[in-house]
Amino acid sequence: MSEKVDEREVSVAKEPDTNTFPDGGLEAWLVVVGGFCTIFASFGWINCIGIFQDYYQMHQLRNYSPSTIAWIPSTESFMMFFWAPVVGKVTDDFGPRIPILIGSFLHIFGLMMTSISKEYYQIFLSQSICSAIGCSFLFYPSMTAAASWFLRHRALAIGLMVAGSSIGGIILPIMVNRLVNEIGFGWTMRGIAFMLLGILVLGNLTVKSRLPPTRRPFKLKDFLVPYTEPAFLLLTIGSFFIFFGGFLPFNFVIVQARAEGMSANLAGYLVPIINAASTFGRIIPAHFGDMYGVFNIFIITTALCGILNLAVWLPVHSNAGIIVFAVLYGFTSGCTFSIIPAMVARMTTDIRTLGVRTGSLYVVSACGALVGSPIAGAISNSQDGGFSGLIVFCGVTLLAGTLFTVFSGCKQVGLKLMAKV
């Protein structure tokens, strides 16, 4: 009897403390490196899909309207975020390695199938469904794993990882633009798929959670309970509006710039410019988020995103003005889209449920990402190809999201302007 008790005591002693975080060390930073790789391949790819709106309009799908083509990138963004609850549950039950392996297969397979696709439905199924689901399985486990290693420097660690999406958003669209004219669309997609496969090998080997997985029976209420918390619900509504309009510059800035007279060669660099600026936006504000509060920094940068759309993108018509907007919007939106998981972690008492809670937020946000681009495309069509309505729509939705986030912060700490939240 005493031996059994001793064994239990030893096993309990060996279990990591859920309330103690290393906040550094070789294993912890290797997780950040591996997460950088998986997010480079997943969210980095999602960040560059705006180039396909312009490419498909000029080539394979030139007989389709911009609004119809917009369903391809918008569904791709939607599928990445919509699967968050499922990925979160799998990650909580089995750890990050199994979902990352699944995601690696689906993403690479989807890109390979896109390389041989000719019709709208083929591109939609391979790129918008298969590849995007793979991106979802790659993105969330890395975020959850990193959160188990860091507390004091959590926002910075997540910012460094999500910077992979910015680097991917710089490299990948330039690769597509350059290679597609030299080796054709098919081999361009296959070449990118092989490159991402090599990067994902490193991610599969290094991303792991500090805490053992907690197998729990599936209960739908686990995904619904977070919505009963007013602060979480308000943040979720705010995130919905932000995803509703926040991706529109990524998807339409090239088309808008070319309509204003920018050359195709220069316009092709606008998405990389946005992503290059967002690299700094994901890291520098995240550092201040650890110091002054992630909600406070998020509110500032998201409000600036909305203001930039209305005060800079809307009135400018010159190449220089559009490029300035791309730089400024890239920096502010970099923080907006990268710091949300750290905000959810701040509101989570049991870090082992972070996967499910993050999924509950992103599944609602995904609906905004799904309908945002087609609605914006329809607004542009109603103006005979004009973009002023689209830009106003983008700015207003971002400001609405900012307002709901302010309400969420106030629900947590009250009306305290100097509170760290």
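Residues numbered from 1 in each chain as written. Predicted model: local features only at pLDDT ≥ 70, side-chain atom pairs only at ≥ 80, totals over all residues. Heavy atoms only, no water.

So, on to the overall build of the chain. When its secondary structure is counted, the chain shows 20 helices and zero strands. Here the C-alpha radius of gyration of the chain, 21 Å, is about what a compact globule of 421 residues would show, namely 22 Å. Reported as C-alpha extents along the three principal axes, the dimensions of the chain are approximately 80 × 50 × 35 Å. Each of the 421 residues in the chain was classed as buried or not, and the buried ones make up 58%. Considering only contacts in the chain between residues 6 or more positions apart, those separated by 24 or more positions represent 86%. Carbon and sulfur atoms form 69% of the exposed surface of the chain, whose accessible area is close to 16600 Å². When the 25 basic and 20 acidic side-chain charges of the chain are each reduced to a single mean position, those positions are 2 Å apart. (Helix = DSSP H or I, 4+ residues; strand = E, 2+ residues; numbered from the N terminus. Rg over C-alpha atoms; globule rule 2.2 N^0.38 Å. Buried < 20%, exposed > 50% of the residue type's maximum accessible area, 1.4 Å probe, protein only. Contact = heavy atoms within 4.5 Å. Areas by Shrake-Rupley, 256 points an atom, 1.4 Å probe, with all protein chains shown as cover. Lys, Arg positive; Asp, Glu negative; His and termini not counted. Charge placed at Lys NZ, Arg CZ, Asp CG, Glu CD.)

This part is about the packing of aromatic side chains. All chains considered together, the criterion is met by 33 aromatic pairs. Taking 6.3 Å as the distance between ring centres and 15° as the angle between the ring planes, the aromatic pair formed by Tyr120 and Phe124 counts as stacked. In this pair, Tyr120 and Phe124 both sit in helix H9 (residues 120-147), four residues apart, roughly one turn of the helix. By relative accessible area, Tyr120 is classed as buried at 16%. Accessibility expressed as a relative area gives 22% for Phe124, which makes it partly exposed. With centroids separated by 5.0 Å and ring planes inclined at 75°, the aromatic side chains of Phe139 and Tyr140 adopt a geometry described as edge-to-face. Note on accessibility: Phe139 and Tyr140 belong to one class, buried. A network of ring pairs unites the aromatic residues Phe43, Phe81, Phe139, Tyr140, Phe243, Phe247, Phe250, Trp313, Phe325, Tyr329, Phe337 and Tyr362 as a single cluster. (Phe/Tyr/Trp six-rings, centres within 6.5 Å; stacked < 30°, edge-to-face > 60°.)

A few words now on the nonpolar core. A general trend in soluble globular proteins is that nonpolar side chains are found buried together. Of all hydrophobic cores here, the largest spans 116 residues; its most connected members are Trp45, Phe52, Tyr56, Phe81, Phe243 and Leu270. A per-element tally of this core places helix H10 (residues 154-206) first, with 14 residues. (Core = buried A, V, L, I, M, F, W, Y, C linked by side-chain atoms within 4.5 Å.)

As for its position among the elements, Thr348 is in the loop between helix H18 (340-346) and helix H19 (354-382). Of the residues examined, Thr348 reaches a relative accessible area of 10% and is grouped as buried. Taking C-alpha positions, Thr348 is 9.6 Å from Thr358, a pair spaced ten residues apart along the chain. With residues up to four places along the chain from it excluded, the contact list for Thr348 reads Thr353, Leu354 and Arg357. Separated by 2.9 Å, the side chains of Thr348 and Arg357 make a polar contact. (Polar contact = N/O pair within 3.5 Å; in protein donor to acceptor, adjacent residues only side chain to side chain.)

As a further point, take the confidence of the model for the chain. Confidence in the prediction of the chain, expressed as mean pLDDT, is 87, and 95% of residues score 70 or more. Here helix H1 (residues 2-14) is the element of the chain with the lowest mean pLDDT, 47, and helix H8 (residues 97-114) is the one with the highest, 96. With pLDDT under 50 throughout, residues 1-13 is counted as low confidence; its partners more than four residues away or in other chains account for zero contacts. (pLDDT = per-residue confidence, 0-100.)

The next thing to look at is a nonpolar patch on the surface. A cluster of nonpolar residues, Phe280, Ile284, Phe288, Met291, Tyr292 and Phe331, forms a patch on the protein surface that exposes about 580 Å² of accessible area. Here the nonpolar patch gets five residues from one element, more than from any other, and that element is helix H15 (residues 270-292). (Patch = residues over 30% accessible without salt bridge, like charges linked within 9 Å, V, L, I, M, F, W, Y side chains within 5 Å. Salt bridge = Lys/Arg side-chain N within 4 Å of Asp/Glu carboxyl O.)

Right, let's talk about the side chain of Thr91 for a bit. One can find Thr91 in helix H7 (residues 84-94). Beyond its immediate sequence surroundings of up to four residues, Thr91 is in contact with Pro96, Pro99, Pro141 and Thr144.

Our next topic: the packing of H19 against helix H20 (residues 388-413). Where H19 meets H20, the axes come as close as 7 Å, and the angle between the chain directions of the two elements is 145°. The element H19 and its partner H20 pack so that their crossing is right-handed. For the pair H19 and H20, contact is made by Gly372, Ile375, Ala376, Ile379 and Ser380 and by Gly389, Leu390 and Phe393, respectively. Tallied by class, the residues present in the contact of H19 with H20 amount to five nonpolar, three polar and no charged. (Axes fitted to C-alpha atoms, helices over the stretch in contact; angles between N-to-C directions. Left-handed = near helix turned anticlockwise from the far one by under 90°. Nonpolar A, V, L, I, M, F, W, Y, C, P; charged D, E, K, R; others polar.)

Here the focus is the pattern of salt bridges. Under the defined criterion, the tally for this structure stands at three salt bridges. Of the charged contacts, one joins Glu27 and Lys208 as a salt bridge, the two residues approaching to 2.6 Å between their closest N and O atoms. Of this pair, Glu27 sits in helix H2 (residues 26-41) while Lys208 sits in the loop between H10 and helix H11 (220-224), placing them 181 residues apart in sequence. The partly exposed category is assigned to Lys208, whose relative accessible area is 27%.

Residue pairs three or four apart in sequence face the same way in an α-helix, which turns once every 3.6 residues. With 18 residues, H8 extends 26 Å between its outermost C-alpha atoms, agreeing within 8% with the 26 Å of an ideal straight helix rising 1.5 Å per residue. Those residues of H8 lying buried are Pro99, Ile100, Gly103, Ser104, His107, Ile108, Gly110, Leu111, Met112 and Thr114. Of the surrounding elements, those touching the buried residues of H8 are H2, helix H3 (43-46), helix H4 (50-58), H7, H9 and H10. (Expected span 1.5 Å × (residues − 1).)

What follows covers the environment of Arg190. Relative to the helices and strands, Arg190 is located in helix H10. Each C-alpha atom, one on Arg190 and one on Val327, is 30 Å from the other, the two residues being 137 residues apart in sequence. Residue contacts for Arg190: discarding those within four places in its chain leaves Met112, Ser115 and Ile116. Here the side chain of Arg190 touches Ser115 through a polar contact of 3.1 Å, side chain to side chain.

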